[in-house]
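# Working through the structure, step by step
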Amino acid sequence: QVQLVESGGGLVQPGGSLRLSCAASGRISSGDGMGWFRQAPGKEREFVSLMLWSSTTYYTDSVKGRFTISRGNAKNTVSLQMNSLKPEDTGLYYCATYAGGAYFYSRSYDYWGQGTQVTVSS
């Protein structure tokens with residue numbers, strides 16, 4: 001069993017920054033990387049970013065240039081640095097382990113954390 005724990009969410013004003021972290025533990029026998037999704041109230045879960053263990057990264061267009069995904073020093077950890085935050089970035093942010101396939105589909109990820117709330121508001 002794999003457990004993912006996210007941290008770092010909170011309330012921030014527009015233009016501010018937050019750094020999310022995700023730590024995976026348990027029997028991670030495979031997997032090509034770790035990624036982030038988010039879900040706003042009343043909306044579907046959407047892809048945000050993915051880091052493959054090869055260091056290749058992917059971002060959804062709306063966060064390019066503002067968000068940076070990186071691998072943590074500890075094994076099986078990943079962070080998401082979010083700068084210039086906008087109200088539309090508000091949502092519950094989930095990290096997940098990527099199992100292969102189209103990276104922007106949630107079905108390509110096999111294990112998920114419980115999520116951490118990010119609220120961007122003045």
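Refer to the structure above for everything that follows.
The paragraphs below set out a description of the structure included in this document. Worth saying up front: this structure is predicted, and the values here are computed from it rather than measured. (Residues numbered from 1 in each chain as written. Predicted model: local features only at pLDDT ≥ 70, side-chain atom pairs only at ≥ 80, totals over all residues. Heavy atoms only, no water.)

## As for the state of the cysteines
Put simply, the rule is: For this text, the term disulfide refers to a pair of cysteine sulfurs within 2.5 Å. The helix count covers DSSP runs of H or I at least four residues long, the strand count covers runs of E at least two residues long, and both are numbered beginning at the N terminus. Exposure classes here rest on a 1.4 Å probe applied to the protein chains alone. A residue is buried below 20% of its type maximum, exposed above 50%, and partly exposed in between.
Summed over all chains, the structure comprises one disulfide. What pairs with C22 in a disulfide is C95, and their sulfur atoms sit 1.9 Å apart. In this structure the cystine formed by C22 and C95 twists about its S-S bond by roughly 45°; its chirality is therefore right-handed. In this pair, C22 sits in strand β3 (residues 18–26) while C95 sits in strand β9 (residues 91–98), placing the two residues 73 residues apart along the sequence. With respect to burial, C22 and C95 carry one shared label: buried.

## Thoughts on unusual backbone geometry
One non-glycine residue, S55, lies in positive phi territory at about 85°. Secondary-structure assignment places S55 in the loop between β5 (46–52) and β6 (57–59).

## Considerations on the pairing of β9
Every other side chain in a regular strand lies on the same face of the sheet, so the side chains alternate between the two faces. Going by this rule: When DSSP locates at least two bridges between a pair of strands, those strands are taken to pair.
Buried residues dominate β9, accounting for seven of its eight residues. In this sheet, strand β11 (residues 116–120) lies alongside β9 in antiparallel orientation, the contact comprising three bridges. Following the sheet pairing, G91 is matched in β11 by V118. Bridge analysis of β9 against strand β10 (residues 109–112) gives three bridges, and the strand direction is antiparallel. By the bridge assignment, Y98 is partnered in β10 with Y109.

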